[in-house]
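Coordinate analysis (summary)
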Amino acid sequence: MIMAQNATDGKLGKLLGAATDLFDYVRQAVEKGKAIHEVEEGIWQRMLQMGREAVRQFLDRQGDGDLGETLRMAAGHEVKRLEEPHPRCYQSIFGEFQLQRAVYGTREGQVIEFVPLDVRLQLPESEFSYVLQDWAQALGVEHAFARTAEVLRMILGLNLPVDSLERMNRKMSESVAEFRASLPAPAAKDEGEILVATADNKGVPMRRGADQLPAGARRKKGEKANKKQMAAVGCVYTVDPKIRAAEEVVAALFREHSPRNSDDPEPVAQQKRIASSLSCQRDGRFCQAEEEVFSWMADDVASRRRRGQKIVCVMDGQPSLWAVRKTYLPGDKVVEILDLLHATPRLWEAAYLFHREGSEEAASFVRERLLRMLRGEAGRVIDGLRQMGTKHGLRGRRLAKLTTICNYLRKNLARMRYDEYLAAGYPIASGVIEGACRYVVKDRMERAGMRWIVEGAQAMLSLRTTFINGQWKEFQKYRIRQEHQRLYPQQKWLKQAVWPLAA
């Protein structure tokens with residue numbers, strides 16, 4: 001009855017007409033025996049029409065925000081309504097709308113001081129609605145921007161240019177750092193017993209000649225001029241201890257059958273938080289990627305660490321990572337562990353210097369030395385490799401290869417006390433960060449033909465890690481709230497005014 005009366009008054013007639021069209025469509029589809037997939041598509045298109053008409057009615061009823069010729073603001077000064085209304089485009093998930101707004105200031109051509117309609121509707125700074133920004137970037141962190149545009153066009157009938165999606169991505173990412181700083185530590189009941197910090201680097205393909213590192217800046221291992229730049233990826237998580245014997249680890253690495261004990265499940269990483277950064281110029285200074293990531297990790301560790309709790313830092317043997325660790329996560333409470341899966345390949349490389357690749361002799365060679373390393377005999381294993389090289393008379397490249405292997409292991413010897421780590425139940429492999437590097441960088445940023453500039457790559461890394469961390473909804477609420485506080489300090493004042501709704 002109410003809808004019918006409003007329709008008679010001419011206020012909601014089109015909206016009621018769209019609803020009636022939907023009801024008629026369903027009825028006719030039943031009578032004609034239409035296929036369900038055709039009915040779904042037909043219903044969806046009509047729902048979009050209803051949504052568009054509902055938003056139009058909502059906006060029309062708001063009027064243009066004309067609150068009179070002059071207004072006295074909360075600060076006590078007076079502003080005047082400018083002669084000409086100012087149009088604004090609003091792009092929603094239901095399509096584009098043009099808003100005519102009364103604006104206030106001193107005179108035409110000067111800075112507009114107050115736009116009542118913007119404040120009342122809490123419009124976003126950009127022309128795109130917050131819902132559209134949310135949906136578009138949730139797609140964009142998973143798919144190429146061109147594919148994102150295709151999906152939005154297919155589902156919503158919108159035509160968003162790729163460059164608009166890229167700009168939206170960069171603008172949204174500006175709020176990530178403050179959002180992360182605002183996050184509380186996870187509840188203690190949701191945390192594991194061991195606090196783990198881990199990091200690694202992964203190459204991002206860069207656009208040739210764009211945003212290169214400053215002259216003289218040191219490249220990381222694997223970086224190539226005009227091709228890839230290393231993104232540092234860091235992760236902090238907690239996990240419960242799992243005490244294991246050296247024999248169990250060897251059996252797992254050699255994929256030997258061992259019956260699973262259902263009463264002793266593998267511990268799962270809890271409350272994983274990931275961040276990633278590229279080296280870049282920021283606020284007039286050069287920011288090193290690893291330092292940026294470890295700085296964030298140090299803050300996250302500080303907020304989550306319990307009194308007296310040790311930190312386990314498990315990484316590969318890259319010297320720069322361990323050097324930055326000492327700067328940002330110092331102290332004797334940090335247990336450094338060389339990822340076992342970066343030590344094991346060195347044993348295989350050594351085995352192939354003495355035995356044929358793929359042979360049982362090579363496998364036995366690795367198995368024996370790996371077991372000894374896990375039992376705390378890493379130093380003796382290294383010495384034994386050097387002695388074997390001398391006894392077998394290795395020369396040239398083979399000797400150089402063995403020397404490189406032994407030097408790598410010797411440099412990391414203090415991080416190879418695997419017998420102690422296994423007894424304490426610490427993780428000894430960095431599968432979490434390896435997976436994070438693959439998922440954060442490779443799966444989105446290393447697809448065929450993709451090339452990035454630093455600004456765009458950093459924006460994607462920031463938003464993608466936020467999405468992966470399961471913080472997307474919280475982040476959207478945070479950035480909207482912060483933007484409103486910045487754009488609309490007059491919101492409380494406006495609520496006291498009488499709003500002239502349109503007829």
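Note that the structure is predicted; figures quoted are calculated from it, not measured.

Considerations on the sheet that holds strand S8 (residues 270-278)
Spatially, five strands are ordered S8-S7-S6-S11-S12 in an open sheet, and the strand pairing comes out mixed. A strand with exactly one partner marks an edge of an open sheet, and here the two such strands are S8 and strand S12 (334-338). For this sheet, the mean angle separating the axes of adjacent strands, direction not counted, is 20°.

Some details on the pairing of strand S3 (residues 86-92)
Successive residues of a regular strand alternate their side chains across the two faces of the sheet. Counting buried positions along S3 yields six of seven residues, so the element is predominantly enclosed. Pairing between S3 and strand S4 (residues 95-101): seven bridges, direction antiparallel. When the bridges of S4 are listed, Gln91 appears paired with Glu96. From the end of S3 to the start of S4, which pair antiparallel, there are two residues.

Concerning the side chain of Arg304
Tracing the sequence through the fold places Arg304 in helix H10 (residues 289-304). The buried category is assigned to Arg304, whose relative accessible area is 7%. Separated by 3.4 Å, the side chain of Arg304 and the backbone oxygen of Val236 make a polar contact. Reaching out from Arg304, the side chain makes a polar contact with the backbone oxygen of Gln271 at a distance of 3.0 Å. Residues in contact with Arg304, not counting those within four places in the same chain, are Ala185, Pro186, Glu191, Leu195, Val236, Tyr237, Thr238, Gln270, Gln271, Arg273 and Gln309.

Considerations on a nonpolar patch on the surface
Together, Trp44, Met47, Met154 and Ile155 give the surface a local cluster of nonpolar side chains, amounting to about 400 Å² of exposed area. Of all the secondary-structure elements, those providing two or more residues to the nonpolar patch are helix H3 (36-62) and helix H6 (145-156). Topologically, Ile155 is positioned in helix H6.

Some thoughts on the confidence of the model for the protein chain
Of all residues in the protein chain, 93% attain a pLDDT of 70 or more, and the chain-wide mean is 91. Within the protein chain, the element-level pLDDT minimum falls on helix H1 (residues 2-8), averaging 46, and the maximum on helix H5 (residues 130-140), averaging 98.

With respect to unusual backbone geometry
Among all residues except glycine, the phi angle is most often negative; among peptide bonds, the trans geometry is most common. The backbone phi angle of Gln122 is positive, close to 50°, even though this residue is not glycine. Topologically, Gln122 is positioned in the loop between helix H4 (116-121) and H5. By relative accessible area, Gln122 is classed as partly exposed at 27%. Unlike most non-glycine residues, Gln271 shows phi in positive territory, near 50°. If you trace the backbone, Gln271 turns up in strand S8.

Rules of the game
Residues numbered from 1 in each chain as written. Predicted model: local features only at pLDDT ≥ 70, side-chain atom pairs only at ≥ 80, totals over all residues. Heavy atoms only, no water. Pairing = 2+ DSSP bridges. Helix = DSSP H or I, 4+ residues; strand = E, 2+ residues; numbered from the N terminus. Axes fitted to C-alpha atoms, helices over the stretch in contact; angles between N-to-C directions. Buried < 20%, exposed > 50% of the residue type's maximum accessible area, 1.4 Å probe, protein only. Polar contact = N/O pair within 3.5 Å; in protein donor to acceptor, adjacent residues only side chain to side chain. Contact = heavy atoms within 4.5 Å. Patch = residues over 30% accessible without salt bridge, like charges linked within 9 Å, V, L, I, M, F, W, Y side chains within 5 Å. Areas by Shrake-Rupley, 256 points an atom, 1.4 Å probe, with all protein chains shown as cover. Salt bridge = Lys/Arg side-chain N within 4 Å of Asp/Glu carboxyl O. pLDDT = per-residue confidence, 0-100.

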